[in-house]
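So the chains spell out like this:
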Amino acid sequence: MDSVAEDAPPGQGFLSTSVVEWEQALHGFQTDTIAHTMLRLGIVLDRRSGALPKLLQTAPFRILGILGNGKQLYSWIHREDACRMILFALKDKRSDIYNSVAPHPEAQKVLTRNARKLLRGPYLLMPVPVFGLRLIFGEMADTILTNQNISAQKIMDAGFVFQFPDLEGALADLLKS
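Cut-off values and rules
Residues numbered from 1 in each chain as written. Predicted model: local features only at pLDDT ≥ 70, side-chain atom pairs only at ≥ 80, totals over all residues. Heavy atoms only, no water. Phe/Tyr/Trp six-rings, centres within 6.5 Å; stacked < 30°, edge-to-face > 60°. Helix = DSSP H or I, 4+ residues; strand = E, 2+ residues; numbered from the N terminus. Buried < 20%, exposed > 50% of the residue type's maximum accessible area, 1.4 Å probe, protein only. Lys NZ or Arg CZ within 6 Å of the ring centre and 35° of its normal. Patch = residues over 30% accessible without salt bridge, like charges linked within 9 Å, V, L, I, M, F, W, Y side chains within 5 Å. Areas by Shrake-Rupley, 256 points an atom, 1.4 Å probe, with all protein chains shown as cover. Salt bridge = Lys/Arg side-chain N within 4 Å of Asp/Glu carboxyl O. Arc of directions from axis to C-beta. Contact = heavy atoms within 4.5 Å. Polar contact = N/O pair within 3.5 Å; in protein donor to acceptor, adjacent residues only side chain to side chain. Expected span 1.5 Å × (residues − 1). Core = buried A, V, L, I, M, F, W, Y, C linked by side-chain atoms within 4.5 Å. Pairing = 2+ DSSP bridges.

Turning our eyes to something else, we now look at the packing of aromatic side chains. One pair of aromatic rings is described through two measures. These are the centre distance and the angle between the planes. Counting across every chain of the model gives two aromatic pairs. A ring pair is formed by Phe88 and Phe160, whose centres lie 5.6 Å apart and whose planes are at 75°; its orientation type is edge-to-face. In this pair, Phe88 sits in helix H3 (residues 79-92) while Phe160 sits in the loop between helix H7 (153-157) and helix H8 (167-174), placing the two residues 72 residues apart along the sequence. Phe160 carries the same exposure label as Phe88, and that label is buried. Considering the side-chain rings of Phe160 and Phe162, the 4.9 Å spacing of their centres and the 85° angle between planes classify their relative orientation as edge-to-face. One aromatic cluster is present, formed by Phe88, Phe160 and Phe162 through successive ring pairs. Here the guanidinium or amino end of Lys154 rests over the ring plane of Tyr98, the centre of that ring lying 5.7 Å away.

On the surface, a nonpolar cluster with roughly 450 Å² of combined accessible area is contributed by Leu135, Ile136, Phe137 and Met140. Here Met140 shows up in the loop between helix H5 (130-137) and helix H6 (141-145).

Here we take up H8. Taken as a whole, H8 has its buried residues at Leu167, Ala170, Leu171, Asp173 and Leu174. Along H8, the residues classed as buried sweep out an arc of 160° about the axis, all on the same side. For H8, the secondary structure elements touched by its buried residues are strand E2 (43-45), helix H2 (51-55), strand E5 (76-78), H3, strand E7 (106-107) and helix H4 (108-119). Its side-chain oxygen at 3.4 Å from the backbone nitrogen of Glu168, Asp166 defines the N-terminal cap of H8.

Attention now moves to H4. Taking 1.5 Å of rise per residue, 12 residues should cover 16 Å, and H4 covers 16 Å from first to last C-alpha, within 8% of that figure. The secondary structure elements touched by the buried residues of H4 are H2, strand E3 (63-67), strand E4 (73-74), E7, strand E8 (124-128) and H8. Two residues or fewer after H4 comes Arg120, characterised by a positive phi angle close to 60°.

Within the element layout of this structure, Ser151 appears in the loop between H6 and H7. In terms of polar contacts, Ser151 uses its side chain to reach the backbone amide nitrogen of Gln153, at 3.1 Å. Excluding its chain neighbours within four sequence positions, the residues that come into contact with Ser151 are Ser3, Val4, Ala5, Glu6, Asn99 and Val101.

Ranked by internal contacts, the top residues of the largest apolar core, which has 24 residues, are Leu45, Leu52, Leu56, Trp76, Leu111 and Leu171. For this core, the leading source of residues is H8, giving four residues. For Leu171, the residues in contact, after removing those within four places along its chain, are Leu45, Leu52, Leu111, Asn114, Ala115 and Leu118. The next biggest cluster of nonpolar side chains, apart from the first, holds 11 residues, and it includes Met85, Val101, Ala152 and Phe160.

On to the side chain of Gln108. Here Gln108 lies in helix H4. A distance of 2.8 Å separates the side chain of Gln108 from the side chain of Thr112, its partner in a polar contact. Among all residues touching Gln108, those that are not within four sequence positions of it are Leu55, Gly65, Ile66, Leu67, Gly70, Gln72 and Tyr74.

Here we come to the pairing of E3. With respect to burial, E3 is a largely interior element, four of its five residues being buried. Sheet topology note: the E3/E8 ladder contains five bridges and is parallel. Considered in E8, the bridge of Gly65 is made with Met126.

See below:
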């Protein structure tokens, strides 16, 4: 599956519709005299908030979930790189759109297996079936089950350097004791 760059047409579903509507609303604020950079944030990984604590919420019970088949790619970014990218965009003063994701998306089950290794100790990897996710989350389950193979090449070509380009290093930083 090829990665999706900033100039690709929008996809289908909740996430794509949300991005299109958000960016259309922002176009009304654009002027020729003020730079307007848009960052399309991927899954921001942070130890205390966002997706990572949700993915690890069963860890105290020594259980970690493989969501659906676990093969869906997640385009993620470490919180530090997300913050640094915002500062980069402010300093860069170009009017452009950038994907705010790390350069190496990973499958959900790879994320879970890496977390299990870093958390140390015995953890049961338990499959969470698609129907259960749809029952709990409704259409929002698509955000968990859909491939998100997003390219970070454009921001790297603009000069941004990732502190955490790979998932294993990002999780090692976030899950350190």
